[in-house]
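Here are the chains, one letter per residue:
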Amino acid sequence: MATLYHFPFCANSRFIRLVLAEMGMEPVLAEEKPWERRDAFLMLNPAGQTPVLLEQGGLVVPGAGIIAEYLDETRGLGLTGRRMMPEATADRVEVRRLLDWFLVKFDQEVTGYLVTEKISKRFMSSRDGGGAPDMNAIRAARINVGYHLKYIGYLIARRRWIAGDHLTYADLAAAAHLSCVDYLGDVPWDDDETARDWYARVKSRPSFRSLLADRVPGMPPAPHYADLDF
């Protein structure tokens, strides 16, 4: 059985948890606090970042994008109509473009700020960068999430799913990041009904259940977080 090293509110880890669940895989989940920089974890991934997939045979696959590609290469063909990377080259390019948008750009402009300032810092020592949240970073992220939400709405207004007619990695990546922001109550859902309806569709999938069960100790989620009909 594979092991996934993850942090529950690392959005890229959440993306891989969704991918694995959609593929019918149930890995052992090993929670990792990246800021602790444990020697044993750094041996698996010198970058010190989650997620990391450790296959039963010992193969180490680090990073959300690499894990997604690896899983498609090794399991995708056996999914029979549920493969989350399209077969056509141009369609695959679009999924990869949007993967980069959410796993990198959205993370750098929104999720990374909010999760670090509102969640991670609560559990980090002052030596590791813990302490009071940086309100300037939080304000910037709240502004940025509005732009991203409108872009999602723009895409969904023209397609059934974010990258085209079928559910792909792009939908799972976008929803994983939004789920972290939504836990904190920082998604302005009223600004874009189209994006909200798309998120409700993804959020209602069985693969999302474990994410909706995650909780930060001492910090309850926004009231609508686990509501499938918000």
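In this text, all values refer to a predicted model and were calculated from it rather than measured experimentally.

Quick look at the overall build of the protein chain
Across its full length, the protein chain holds 8 helices and 4 strands. Secondary structure elements in the protein chain, listed N-terminal to C-terminal, are β-α-β-α-β-β-α-α-α-α-α-α. Along the three orthogonal principal directions, the C-alpha set of the protein chain runs to about 50 × 45 × 30 Å. Considering the protein chain as a whole, with its 230 residues, one finds that 53% of them fall into the buried category. The contacts of the protein chain with a sequence gap of at least 6 include a subset with a gap of at least 24, amounting to 68%. Here the protein chain carries 28 positive and 31 negative side-chain charges, and the mean point of each set is 1 Å from the other.

Here's the deal with the pairing of strand S1 (residues 3-6)
Looking along a regular strand, one sees side chains alternate from face to face of the sheet. Side chains Thr-3 and Tyr-5 of S1 all project onto a buried face; the interleaved residues Leu-4 and His-6 project onto the opposite face, where all are buried too. Here S1 pairs with strand S2 (residues 28-31) via 4 bridges, running parallel. Its bridge partner being in S2, His-6 is matched across the sheet by Glu-31. Read from S1 through helix H1 (residues 11-22) to S2, the crossover connection turns out right-handed. Bridge analysis of S1 against strand S3 (residues 52-54) gives 3 bridges, and the strand direction is antiparallel. Looking at the pairing, Tyr-5 lines up with Val-52 of S3.

Some points on the nonpolar core
Core analysis: the biggest nonpolar cluster contains 71 residues, and Phe-15, Leu-71, Ile-162, Tyr-169 and Trp-198 have the highest contact counts within it. Only H1, helix H3 (64-75), helix H4 (89-123), helix H5 (135-156), helix H6 (169-183), helix H7 (193-203) and helix H8 (209-213) provide two or more residues apiece to this core. Here this core gets 11 residues from one element, more than from any other, and that element is H6. Residue assignment places this core across two domains, with domain 1 (3-78) and domain 2 (89-213) each supplying three or more. Membership of the second largest hydrophobic core comes to 5 residues, among which are Tyr-5, Ala-30, Phe-41 and Val-52.

Digging into the environment of Glu-69
Note on placement: Glu-69 falls in helix H3. Measuring from C-alpha to C-alpha, the distance between Glu-69 and Met-84 comes to 10 Å, with 15 residues separating the pair along the chain. Once residues lying within four places of it in the same chain are set aside, the contact partners of Glu-69 are Met-85 and Arg-96. Side-chain polar atoms of Glu-69 contact the side chain of Arg-96, separated by 2.7 Å.

Observations concerning the side chain of Asp-182
Checked against the element boundaries, Asp-182 lands in helix H6. The buried charged residue Asp-182 lacks any salt bridge, with Lys-203 as its nearest oppositely charged partner at 4.2 Å. A polar atom in the side chain of Asp-182 sits 2.8 Å from the side chain of Trp-189. The contact partners of Asp-182, leaving out residues within four places of it in the chain, are Val-187, Trp-189, Tyr-199, Lys-203, Ala-222, His-224 and Tyr-225.

Some remarks on the domain arrangement of the protein chain
Each assigned domain of the protein chain is listed with its residue range as follows: domain 1 (3-78) and domain 2 (89-213). Measuring from the centre of the C-alpha atoms in domain 1 to the corresponding centre in domain 2 gives 19 Å. Contact with domain 1, which involves 19 residues of that partner, is made by 25 residues of domain 2. Of the roughly 2000 Å² buried at the junction of domain 1 and domain 2 (both faces included), carbon and sulfur atoms supply 65%. Inspection of the domain 1/domain 2 interface yields 3 salt bridges.

Remarks on the packing of aromatic side chains
On inspection of all chains with the given rule, the structure shows 11 aromatic pairs. With centroids separated by 6.1 Å and ring planes inclined at 45 degrees, the aromatic side chains of Phe-102 and Phe-106 adopt a geometry described as tilted. With Phe-102 and Phe-106 both in helix H4, this residue pair falls 4 residues apart, about one helical turn. A single burial state applies to Phe-102 and to Phe-106, both of which are buried.

Some remarks on the sheet that holds S2
Paired through backbone hydrogen bonds, the strands of a sheet run either parallel or antiparallel to each other. Strand order across the open sheet formed by 4 strands is S2-S1-S3-S4, with mixed pairing between neighbours. Looking along the sheet, the strands with just one partner apiece sit at the ends: S2 and strand S4 (60-62). Strand-to-strand twist in this sheet, taken as the mean axis angle between neighbours without regard to direction, amounts to 20 degrees. Across the sheet, H1 is in contact with S1 and S2; its angle to S1 comes to roughly 155 degrees. In the packing of H3 onto the sheet, the strands contacted are S3 and S4, and the crossing angle to S4 comes to about 130 degrees.

Basis of the calculations
Residues numbered from 1 in each chain as written. Predicted model: local features only at pLDDT ≥ 70, side-chain atom pairs only at ≥ 80, totals over all residues. Heavy atoms only, no water. Helix = DSSP H or I, 4+ residues; strand = E, 2+ residues; numbered from the N terminus. Buried < 20%, exposed > 50% of the residue type's maximum accessible area, 1.4 Å probe, protein only. Contact = heavy atoms within 4.5 Å. Lys, Arg positive; Asp, Glu negative; His and termini not counted. Charge placed at Lys NZ, Arg CZ, Asp CG, Glu CD. Pairing = 2+ DSSP bridges. Right-handed = clockwise from strand over helix to strand, strands pointing away. Core = buried A, V, L, I, M, F, W, Y, C linked by side-chain atoms within 4.5 Å. Domains from an automatic or database assignment. Polar contact = N/O pair within 3.5 Å; in protein donor to acceptor, adjacent residues only side chain to side chain. Salt bridge = Lys/Arg side-chain N within 4 Å of Asp/Glu carboxyl O. Buried area = accessible area lost by both parts, 1.4 Å probe. Phe/Tyr/Trp six-rings, centres within 6.5 Å; stacked < 30°, edge-to-face > 60°. Axes fitted to C-alpha atoms, helices over the stretch in contact; angles between N-to-C directions.

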